[in-house]
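# Geometric and topological summary
Listed below, chain by chain, are the residues.
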Amino acid sequence: MNAVVATSVFAVFMVAAVALGLLALRGRGKGGGLAEWSVGGRSLGPVFIWVLMAGEGYTSFSYLGAAGWGYNYGAPVLYVVAYMSCGYAIGYVVGPMLWGYARRHGLVGITDMVAHRFGRPWLGAVVAVLATVFLLPYIQLQITGMGVVLSVISYGAVSLNWAYFVAFAVTTGFVVVSGLRGSAWVSVLKDILVIATLGFLAFYVPLHYFDGYGPFLDRLVTEKSDWLTLPGHGGGGSGGSGLGELWFISTTFLNSLTVVIFPTTVAGYLGARNADALRRNAMYLPAYNVLLFVPMLLGLAALFVVPGLAGAESNLALFKLVVDSLPAWAVGVIGVAAGLSSIVPMAVFMLVIGTMWGRSVLSLLPRLAERQKSAAQVVVVVAGGLALLLTYTAPNTLVRLSLISYEGMAQLLPMVLLALVWRRLTFRGAFSGLIVGVAVVCVLVFSGNDPLGGVNAGLVALAANLAVALAVTFAGPRDADPRPDAEVLAHDPVGEEGDPSAVARAARSASDHRV
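Rules used in this analysis
Residues numbered from 1 in each chain as written. Predicted model: local features only at pLDDT ≥ 70, side-chain atom pairs only at ≥ 80, totals over all residues. Heavy atoms only, no water. Helix = DSSP H or I, 4+ residues; strand = E, 2+ residues; numbered from the N terminus. Buried < 20%, exposed > 50% of the residue type's maximum accessible area, 1.4 Å probe, protein only. Contact = heavy atoms within 4.5 Å. Areas by Shrake-Rupley, 256 points an atom, 1.4 Å probe, with all protein chains shown as cover. Axes fitted to C-alpha atoms, helices over the stretch in contact; angles between N-to-C directions. Left-handed = near helix turned anticlockwise from the far one by under 90°. Nonpolar A, V, L, I, M, F, W, Y, C, P; charged D, E, K, R; others polar. Phe/Tyr/Trp six-rings, centres within 6.5 Å; stacked < 30°, edge-to-face > 60°. Lys NZ or Arg CZ within 6 Å of the ring centre and 35° of its normal. Core = buried A, V, L, I, M, F, W, Y, C linked by side-chain atoms within 4.5 Å. Expected span 1.5 Å × (residues − 1). Salt bridge = Lys/Arg side-chain N within 4 Å of Asp/Glu carboxyl O. Parallel < 35°, antiparallel > 145°, perpendicular 65-115°, else oblique.

A word on the overall build of the chain. When helices and strands are counted, the chain shows 22 helices and zero strands. Buried residues in the chain amount to 58% of all 515 residues. Looking at the chain alone, contacts between residues at least 24 apart form 84% of all its contacts between residues at least 6 apart. Of the roughly 18900 Å² of accessible surface on the chain, 68% is carried by carbon and sulfur atoms.

Structure, rendered in C-alpha cells:
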C-alpha cells in the first residue's frame, strides 16, 4: 500500500509537470525554430531565468549526491556552496557579455561563439563533440538520481533498471516537445517543492531522530569529528580521501570559472530578455545556496540512523531517512521534488547537446542545414540513450560524475572565454591548448591520479592548456582576420537592450549568419 500511495503521488505530479511544460508553448505557434526551442526565443524574464538557472544548483545531486558525500567524507562537500557562490559573482560580468555577443551575431550556444570568433565553422563541430563527451556524465548523474528516487519511494517495487529507463523516457519526451521555455515553467513548480521539502526536512530530521539540533551536533562533534574538518573522513594520507585544503581551493576555483561557460549555464544566459535580468540573477542566486546545507547536514545525520552505506549506496542516505520515518504520501511529495530536480537540469543538458549538434555539426551537411531543429531533437534522443547505457554499464557516485564533467569542460575556458576578450589569442594557440588540456585531464582521471598531489586534476590540465595556448600564440604567426574588434570580441552590452538599431542589427545578423 505504501508503494502504491507514494508512486501514485509521484506519477500525478510528473503528469502535471509535463502538462505545464506543454502549456508553456501556448501561443508560440508550432513551437518556432531552433532559437525558440533552444533559448526560449530570447524572451524569458527575470523570474523564469532565476528559477531556470537555480536548477543548475538544485539537481538530484543536491538531494542525493550532496547528502552522499556528506555521509562519506563530510566537510569536503562544502566545495559545492563555495564554487557556486563564486561562480555567480563571475557570472555577473561574464553572463551579460556572452548574452550581448550571441544577440549581436544571432548565436545560440558556445559552439556558435567559438565558430564565429575564429571564423571556422568546423571548429564549432569539434567543440560540440568534446562538450557532448563531458556532458554525458552529467546526464547520467540525473538519470541515476531520478532512478534512485523512484526506486526508493516505491519501497523497492520498481527496480533500479526500470527506474533508470523511466527517467530517460520521461525527460527525453519532455525536452523534445517543450524545449527551454517548458523547462523554465516547470522550474517554478520544482523550486516551490524544493524549498518546501528541504525546509521541512531541515527541522523534522534533527527533531525526530535526535530531539533537536543541539543533541545532534553534540553527538556529531563527539563521535564523528573527522567529518567536520578537511580532508574529511578518510584523511589525506596514503589511501585516504585526498580531499584536503589544496583540493578544496583548486576545485572551488576551477568550478567557479567553468560554471559560467557550461553550455547549460550559457543556455540560461541566452534565454534572457535583457542583460539586466542576468545581473539581478547573479546577485540573488547565492542566497538560494543556503538550502544546500540541508542535504549535507542530513547526510551527516544518516551516519547515525543508517550506518554502513558504502560506495554508490551512500547516495541513498537522505532518502533512507525519509522512507524510514515519514508516511507514504509525504515520501511521494519529497520524491517529486527530487525527481523534478533531475528532470529540469537533465532536460536542459539534453537540449543543449541537441542544439550544439543541430547548429554546429549536422548543419554542415547540406541536407540537414535547413532542418536544424528536427536534427537537434533526434540528437536529444540519441544523447539520452547513450547516457542511459552509461548508467547501466558504468555506474559511479553522483559527485564523481559531476567532477568529471567540470574537469573536462574546464578545458574549453581559453577557447570560449579568453578568446572573446583577448584578440591576440590565435586559433593555433587555442586549439593546441585544448588538445593538451583534454589529453592531460583524461590521463589523470582514468589513471586514478585525481586529485594530483592534492590538486584537482582539471586545474592541472587547465594550467597545461593555458601554457601551450600562450606559447603557441606568441611563438607563431598572428591570425589573418580582417574583421574589426567589435565583430570578434565580446563586451558588456550596457545600454543596448532598448536600442532599436541594435535590435535591427541583431535581426539582420541572425538572418544572414550561417554556421
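A word on the packing of helix H6 (residues 110–118) against helix H7 (residues 121–153). Two packed helices can be described by the angle between their axes and the distance between those axes. Interhelical geometry of H6 versus H7 gives an angle of 145° and a closest axis separation of 7 Å. For the pair H6 and H7, the sense of crossing is right-handed. Touching Ile110, Thr111, Val114, Ala115 and Phe118 of H6 are Pro121, Leu123, Gly124, Val127 and Ala128, all from H7. A class-by-class count of the residues in the contact of H6 with H7 yields eight nonpolar, two polar and no charged.

Moving on to the packing of aromatic side chains. Applying the stated criterion across every chain, the model contains 21 aromatic pairs. Ring geometry for phenylalanine 262 versus phenylalanine 349: centroids 5.8 Å apart, planes at 80°, classification edge-to-face. Linking phenylalanine 262 in the loop between helix H10 (245–258) and helix H11 (263–270) with phenylalanine 349 in helix H15 (residues 328–361), this pair joins segments that are 87 residues apart in sequence. An identical accessibility class is assigned to phenylalanine 262 and phenylalanine 349; each is buried. One aromatic cluster in this structure is built from Trp69, Tyr73, Tyr79, Tyr83, Trp247, Phe262, Phe349 and Tyr406. Sitting above the plane of the phenylalanine 118 ring, arginine 117 keeps its charged end 4.7 Å from the centroid. The ring of phenylalanine 427 is capped by arginine 120, whose NZ or CZ atom sits 4.1 Å from the centre of that ring.

In this section: the environment of tyrosine 269. Mapped onto the secondary structure, tyrosine 269 falls in helix H11. Tyrosine 269 sits in the buried class, given a relative accessible area of 4%. In the structure, tyrosine 269 is positioned 169 residues away from glycine 100 in sequence and 9.6 Å away in space, judged by C-alpha atoms.

This part takes up the nonpolar core. Inside soluble globular proteins, nonpolar side chains tend to come together where they are buried. Core analysis: the largest hydrophobic core is formed by 149 residues, its most contacted members being Met113, Ile139, Ile143, Phe319 and Leu412. Take this core: its biggest share by element is 20 residues, from H15. Discounting chain neighbours no more than four positions away, the residues touching isoleucine 143 are Tyr164, Ala167, Phe168, Met346, Gly384, Ala387, Leu388 and Thr391.

Bringing helix H5 (residues 79–105) into the picture now. Note on helix geometry: an α-helix contains 3.6 residues per turn, so any two residues three or four positions apart are oriented the same way. Taking 1.5 Å per residue, 27 residues should reach 39 Å; H5 reaches 36 Å between its end C-alpha atoms and fits that length. Burial analysis of H5 places 20 of its 27 residues in the buried class, the great majority of the element. Phi for glycine 106, located one or two positions after H5, is positive at around 65°.

Turning next to unusual backbone geometry. With an omega of 10°, the peptide bond between leucine 230 and proline 231 qualifies as cis. Secondary-structure assignment places proline 231 in the loop between helix H9 (213–223) and H10. In this structure, proline 451 follows aspartate 450 across a cis peptide bond, with omega equal to 5°. Summarising the element assignment, proline 451 is placed in the loop between helix H19 (427–446) and helix H20 (457–475). A positive phi is found at tyrosine 155, a non-glycine position, where the angle reads about 55°. By secondary structure assignment, the location of tyrosine 155 is in the loop between H7 and helix H8 (160–210).

Before going further, it helps to examine the pattern of salt bridges. Opposite charge on two side chains permits them to pair, given that their charged atoms come into close proximity. Evaluation of the coordinates by the stated rule reveals six salt bridges. What emerges from the salt-bridge pattern is a single network uniting Asp276, Arg279 and Asp492.

Looking now at the packing of helix H14 (residues 317–325) against H15. The geometry of H14 relative to H15 is characterised by a closest axis approach of 10 Å and an angle of 160° between their N-to-C directions. Here H14 lies roughly antiparallel to H15, going by the angle between them. Together, Phe319, Val322 and Val323 of H14 and Val331, Ile334, Gly335 and Ala338 of H15 make up the contact between the two elements. Its residues assigned to classes, the contact of H14 with H15 shows six nonpolar, one polar and no charged.

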